[in-house]
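# Fold and geometry: a report
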Amino acid sequence: MSHPPILEKLKILADAAKYDASCASSGTAKRNSTSGGIGSTEGMGICHAYAPDGRCISLLKILLTNHCIFDCHYCINRKSSNVRRARFTPQEVADLTLSFYRRNYIEGLFLSSGIIKSSDHTMEMIVEAARILREEHDFRGYIHLKTIPEADPEIIHRAGMYADRVSINVELSTDAGLTRLAPDKDARQIEGALGKTKDDIVEAKDAKKRFRHAPRFAPAGQSTQMIVGADTASDADIVGRASRLYDSFNLRRVYYSAFSPIPDASAVLPLKRPPLIREHRLYQSDWLMRFYDYRPQEIMQATEADGNLPLDIDPKLAWALKFRERFPVDVNRASREDLLRVPGLGVKAVQRILASRRHRTLRLDDVARLTVSITKVRPFICTLDWRPTMLTDRADLRALLAPKQEQLELFAA
Ligand code: SF4
């Protein structure tokens, strides 16, 4: 059997990797990764992610192989899928990474893989690519390795010794969804691997405090990904699971990937993709929990009767409209927590309000100068010279504050 040349393999394996959202560029507008072109963020496998210090970095995002012995229904690389297959050797992955790095195209590598022969064998190949880079070439760039929960914990541990970040995909938010759509995967094994990685990260951090030369282990932590819209799980289910994962496994991020229909899809999958705005609303709720101190129960309270977040307004506004008795909030007296619940007030605006009100009593104009849009904020606050009489109680407040239809369509493509 003839093997495709390296560029052909790169084309296949970079395209196959674009379905993994654990690399942050997956949140950008979807482009055809085969088209490339000036300004393309995804041509030939270049993606963008955020480094632990907050910098946006470009990564070579590829699969080691898109062959797979598993048959997850939602995955284009599953055993029964009729796609062109390719496979890199660990040495090829290392060589490609180095040549892209030397040309300044990338600052690191995101490496995932389908499963060939066995989970252990595949994990060994992934670790070997990282070992070559780190040990043979003293590569100091960023490495994110996808780990396979079914693999031997000792091999997964070695991945963490070379990688900055590791990730294990939870895939579906409920065990029933996983059993139905990924019959080869086991929820307990996934959580076991997440738990072991969490312990290894904590241990390595403790050792580092005591011994300067203690070995590093995934210093940028671990993350996971959940697919949205491939099963019947609601946003409330997804948010609940995400919050338990953050608490139990110290995850840096839970990424969401809107299910996209694949060629020759299995009959158990929906025919249509969920609206992309649904993924966006879940990211907004994730943001509220991580930076605005919302409890998962509060996000769930913002959902509609079907358990999903509204698509026409953001979750913060949805929550505020349901709990109007909590408003208006007096910007001159309210706690930081209450100010953070005001639609239209971001973390920075709240900081500015708290700093300004130490020196003076704020008027509506003062708040307008400290926020991006006073129109959204006004119905929910009172100031020295402003009180929204009856405004908070208006039945059409949602319609007044919802973005116009044209704006929504930007997300619907
Ligand atoms: S294990 Fe499942 S999700 Fe991963 S590549 Fe194979 S079929 Fe796809």
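Residues numbered from 1 in each chain as written. Predicted model: local features only at pLDDT ≥ 70, side-chain atom pairs only at ≥ 80, totals over all residues.

## Some points on the overall build of the protein chain
Along its length, the protein chain carries 16 helices and nine strands. With 413 residues in all, the protein chain has 41% of them scored as buried. (Helix = DSSP H or I, 4+ residues; strand = E, 2+ residues; numbered from the N terminus. Buried ≥ 20, exposed ≤ 12 C-beta atoms within 10 Å, placed from the backbone.)

## Examining helix H7 (residues 235-249)
For H7, built from 15 residues, the straight-helix expectation of 21 Å at 1.5 Å per residue is met to within 8% by its first-to-last C-alpha distance of 21 Å. For H7, the complete set of buried residues consists of Asp 235, Ala 236, Asp 237, Ile 238, Val 239, Arg 241, Ala 242, Ser 243 and Phe 249. Close packing links the buried residues of H7 with helix H6 (187-210), strand E6 (222-228), strand E7 (253-258), helix H8 (276-291) and helix H9 (296-301). (Expected span 1.5 Å × (residues − 1). Contact = placed C-beta atoms within 7 Å.)

## Digging into the packing of H7 against H8
Contact geometry of H7 with H8 gives a least axis separation of 11 Å together with a crossing angle of 40°. If you check the angle between H7 and H8, you find them oblique. Note on packing geometry: the crossing formed by H7 with H8 is right-handed. In contact with Asp 235, Ile 238, Val 239, Ala 242 and Ser 243 of H7, H8 contributes Leu 282, Ser 285, Asp 286 and Met 289. Tallied by class, the residues present in the contact of H7 with H8 amount to five nonpolar, two polar and two charged. (Axes fitted to C-alpha atoms, helices over the stretch in contact; angles between N-to-C directions. Parallel < 35°, antiparallel > 145°, perpendicular 65-115°, else oblique. Left-handed = near helix turned anticlockwise from the far one by under 90°. Nonpolar A, V, L, I, M, F, W, Y, C, P; charged D, E, K, R; others polar.)

## Some points on the site of the ligand
If you check the shell around the ligand, you find Cys 68, Phe 70, Cys 72, Cys 75, Asn 77, Arg 78, Gly 114, Ile 115 and Ala 182 and nothing else. Each residue belonging to the shell around the ligand can be placed in one class, and the counts come to six nonpolar, two polar and one charged. (Near = placed C-beta within 6 Å.)

## Some remarks on the pairing of strand E3 (residues 108-112)
Regular strands place their side chains on alternate faces of the sheet. Here E3 lies mainly inside the structure; five of its five residues are buried. The side-chain alternation of E3 yields two buried faces, one formed by Gly 108, Phe 110 and Ser 112 and the other by Leu 109 and Leu 111. Two elements, strand E2 (residues 56-63) and E3, share five bridges in a ladder whose sense is parallel. Each bridged residue has a counterpart across the sheet, and for Leu 59 the counterpart in E3 is Gly 108. You can see the chain leave E2, run along helix H2 (residues 90-102) and come back into E3, and the turn it takes is right-handed. (Pairing = 2+ DSSP bridges. Right-handed = clockwise from strand over helix to strand, strands pointing away.)

## Points about the nonpolar core
Across soluble globular proteins, nonpolar side chains show a tendency to be buried alongside one another. In this structure, Leu 13, Leu 111, Ile 126, Ala 129, Ala 130 and Ala 159 are the most contacted members of the largest nonpolar core, which totals 103 residues. If you tally residues by element for this core, the top one is helix H3 (residues 119-137), at eight residues. Residues lining this core come from more than one domain, with at least three contributed by each of domain 1 (6-301) and domain 2 (315-412). When sequence neighbours within four positions are dropped, the list of residues in contact with Leu 13 reads Ile 62, Leu 63, Asn 66, Ala 86 and Phe 88. (Core = buried A, V, L, I, M, F, W, Y, C linked by C-beta atoms within 7 Å. Domains from an automatic or database assignment.)

## What to know about the confidence of the model for the protein chain
For the protein chain, the average pLDDT comes to 89, and 89% of its residues sit at 70 or higher. Across the protein chain, the element-wise mean pLDDT spans from 45 in helix H16 (residues 405-412) up to 98 in H3. A low-confidence stretch, residues 406-413 (pLDDT under 50), is modelled with nine contacts involving residues beyond four sequence positions or located in other chains. (pLDDT = per-residue confidence, 0-100.)

## Regarding the environment of Cys 68
Examined against the element boundaries, Cys 68 turns out to sit in the loop between E2 and H2. Distance from Cys 68 to Lys 79, taken between C-alpha atoms, is 5.3 Å for residues 11 residues apart in sequence. With sequence-adjacent residues up to four places away left out, Cys 68 is seen in contact with Asn 77, Arg 78, Lys 79, Gly 114 and Ile 115.

## A few points about unusual backbone geometry
Working note: non-glycine residues mostly have negative phi, and peptide bonds are mostly trans. Looking along the chain, the bond that leaves Phe 327 and enters Pro 328 is cis, with omega of 0°. Secondary-structure assignment places Pro 328 in the loop between helix H10 (315-322) and strand E8 (329-330). Despite not being glycine, Glu 171 has its phi angle at roughly 70°, a positive value. In this structure, Ala 218 is a non-glycine residue whose phi angle is positive, near 35°. Within the fold, Ala 218 resides in the loop between H6 and E6. Judged by the 27 C-beta atoms lying within 10 Å of it, Ala 218 is buried.

## Some thoughts on helix H1 (residues 6-17)
Think of an α-helix as turning once every 3.6 residues; residues three or four places apart then point the same way. Taking 1.5 Å of rise per residue, 12 residues should cover 16 Å, and H1 covers 16 Å from first to last C-alpha, within 8% of that figure. Along H1, nine of the 12 residues are buried, which leaves the element largely enclosed by surrounding structure. All of the buried residues in H1 are Lys 9, Leu 10, Lys 11, Ile 12, Leu 13, Ala 14, Asp 15, Ala 16 and Ala 17. Lining the buried residues of H1 we find E2, H2 and E3.

## Notes on the pairing of strand E4 (residues 142-146)
Extensive coverage of E4 is indicated by the burial of five of its five residues. Because side chains alternate across E4, one face comprises the buried residues Tyr 142, His 144 and Lys 146, and the other comprises Ile 143 and Leu 145, equally buried. What joins E3 to E4 is H3, and the crossover it makes is right-handed. The sheet contact formed by E4 and strand E5 (residues 165-167) spans three bridges and is parallel.

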